[in-house]
Amino acid sequence: MPRIGTVYLVGAGPGSVDLLTLRAYRLLRSADVVVHDRLVTDEVLALAREDAPRLDVGKAPGRPCLPQEAINALLVRLAREGRMVVRLKGGDPFIFGRGGEEAATLAEARVPFEVVPGVTAALACAAQARIPLTLRSVARAVTLAAGHTADGEIDLDFDALARRGTTLAIYMGAATLPRLRAGLLAHGMPHDTPAALIERGGTPRQRVLHGTLHSVTEDAPDWVTEGPVLAVIGEVVAVARESAGAGVEAMKAEY
Ligand SMILES: C[S@@+](CC[C@H](N)C(=O)[O-])C[C@H]1O[C@@H](n2cnc3c(N)ncnc32)[C@H](O)[C@@H]1O
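Residues numbered from 1 in each chain as written. Predicted model: local features only at pLDDT ≥ 70, side-chain atom pairs only at ≥ 80, totals over all residues. Heavy atoms only, no water.

A. How the structure looks around the site of the ligand. Contacts to the ligand come from 18 residues, most closely from Ile95, Thr120, Met172, Gly201 and Val229. Take isoleucine 95: an N or O atom from its main chain is 2.7 Å from a nitrogen atom of the ligand. Interatomic distance of 2.9 Å between a backbone N/O atom of alanine 121 and an oxygen atom of the ligand. Coverage of the ligand by the protein chains reaches 86% of its 570 Å² of free accessible surface. Every element with two or more residues in the shell around the ligand is listed here: helix 5 (121–128) and strand 10 (229–233). Structurally, the shell around the ligand is a two-domain feature, drawing no fewer than three residues from each of domain 1 (7–116) and domain 2 (121–244). (Near = heavy atom within 4 Å. Polar contact = N/O pair within 3.5 Å; in protein donor to acceptor, adjacent residues only side chain to side chain. Areas by Shrake-Rupley, 256 points an atom, 1.4 Å probe, with all protein chains shown as cover. Helix = DSSP H or I, 4+ residues; strand = E, 2+ residues; numbered from the N terminus. Domains from an automatic or database assignment.)

In structure tokens form, the structure reads like this:
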């Protein structure tokens with residue numbers, strides 16, 4: 001029986017190679033096999049060893065992803081075959097990445113594993129759009145929220161999200177913005193709260209749409225191309241706009 005391998009749950013960051021951690025880079029260079037999601041870019045995958053198989057288990061338009069149980073079983077099987085496995089996920093594996101489920105499976109199966117953090121979309125998008133997620137006297141809290149759950153439902157505590165002084169970074173919310181807006185407005189958030197949509201943040205093809213909670217919700221269907229898209233909602237967006245001044249205009253023109 002071969003010696004059991006190790007599984008590394010690795011965050012690939014938003015897509016640009018130079019936003020990978022050095023640890024992720026080193027592991028990728030030596031992995032026997034790479035199991036990756038759709039959000040991982042070709043540029044990052046190209047760093048893997050030439051002879052290492054790249055197994056795409058992600059969802060693509062018109063093609064469902066492998067069920068999570070099948071991915072879990074695949075990771076366990078590859079490790080039991082003695083392979084060094086890099087399980088590569090967009091952003092950070094523990095932020096809306098199902099890394100927790102995979103870690104639990106590996107622990108239960110007594111497969112050695114490590115978790116390597118990555119730059120999550122909220123941080124990459126905010127940095128490139130020059131939006132400080134927290135800012136003294138403007139936002140003392142930041143909430144990362146999922147715009148919908150696996151079954152398409154929205155299960156959020158809107159009362160907490162609508163509170164002043166909080167910045168919201170909404171993942172997977174482009175299609176549910178009208179319902180999110182309704183929930184926030186019903187709990188007291190003003191409709192003119194500054195907001196931005198950021199598409200493909202942290203990559204050279206980033207696009208940013210500035211506006212208000214109301215306007216970005218109205219504009220999203222025409223504005224979004226292939227995604228992925230993150231929404232940032234809160235006063236910090238306006239502060240960023242003002243302090244960047246002409247810079248924001250230049251950014252809009254550029255992208
Ligand atoms: C399943 S979640 C994965 C999040 C990932 N684990 C992370 O930490 O960034 C996918 C969602 O993340 C957001 N996202 C991921 N990468 C992004 C990017 N480069 N630009 C904008 N949003 C992104 C989008 O909201 C997308 O629908």
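B. Region of the structure containing the domain arrangement of the chain. Per the domain assignment, the segments making up the chain are domain 1 (7–116) and domain 2 (121–244). On a C-alpha basis, the centroid separation for the pair domain 1 and domain 2 is 28 Å. For the pair domain 1 and domain 2, the two sides together bury roughly 700 Å², of which 73% comes from carbon and sulfur. When the buried surface of domain 1 facing domain 2 is broken down by residue, Pro14, Ile95 and Phe96 rank first, second and third, together holding 61% of it. Scanning the region where domain 1 abuts domain 2 turns up 0 salt bridges. Here domain 1 and domain 2 share 1 residue pair in polar contact (both at pLDDT 80 or more) between them. Of the residues assigned to the side of domain 1 that touches domain 2, the class counts are 5 nonpolar, 2 polar and 1 charged. (Buried area = accessible area lost by both parts, 1.4 Å probe. Salt bridge = Lys/Arg side-chain N within 4 Å of Asp/Glu carboxyl O. Nonpolar A, V, L, I, M, F, W, Y, C, P; charged D, E, K, R; others polar.)

C. Quick look at unusual backbone geometry. In this structure, proline 228 follows glycine 227 across a cis peptide bond, with omega equal to 0°. Residue placement: proline 228 occurs in the loop between helix 8 (213–223) and strand 10. If you check the backbone angles, phenylalanine 96 has positive phi at about 45° while not being a glycine. With respect to the helices, strands and loops of the structure, phenylalanine 96 is situated in the loop between strand 4 (85–89) and helix 4 (99–108). By relative accessible area, which is 39% here, phenylalanine 96 ends up partly exposed. Phi angles above zero are rare outside glycine, and serine 137 is one such case at about 65°. Within the secondary structure layout, serine 137 lies in the loop between helix 5 and strand 6 (141–146). Overall, serine 137 belongs to the exposed group, its relative accessible area being 66%. (Buried < 20%, exposed > 50% of the residue type's maximum accessible area, 1.4 Å probe, protein only.)

D. Inspection of the sheet that holds strand 7 (residues 166–171) at higher detail. Spatially, 5 strands are ordered 6-7-10-8-9 in an open sheet, and the strand pairing comes out mixed. The strands lining the two open edges of the sheet, one partner per strand, are strand 6 and strand 9 (207–212). Strand after strand, the sheet turns through a mean of 20° between neighbouring axes, direction not considered. Both strand 8 (residues 194–199) and strand 9 contribute to a ladder of 6 bridges, which runs antiparallel. For glutamate 199, the partnering residue across the bridge sits in strand 9 and is arginine 207. Helix-sheet contacts for helix 8 involve strand 8, strand 9 and strand 10, and the interaxial angle to strand 9 is about 145°. (Pairing = 2+ DSSP bridges. Axes fitted to C-alpha atoms, helices over the stretch in contact; angles between N-to-C directions. Contact = heavy atoms within 4.5 Å.)

E. Here's a closer look at the sheet that holds strand 2 (residues 33–36). The strand order across the open sheet built from 5 strands is 3-2-4-1-5, with neighbouring strands paired in parallel fashion. Each end of this open sheet is capped by a strand with a single partner; those strands are strand 3 (54–56) and strand 5 (113–116). The mean angle between the axes of side-by-side strands here comes to 20°, regardless of whether they run parallel or antiparallel. Lying over the sheet, helix 1 (residues 22–30) contacts strand 1 (7–11), strand 2, strand 4 and strand 5, oriented at roughly 135° with respect to strand 1. In the packing of helix 4 onto the sheet, the strands contacted are strand 1, strand 4 and strand 5, and the crossing angle to strand 1 comes to about 170°.

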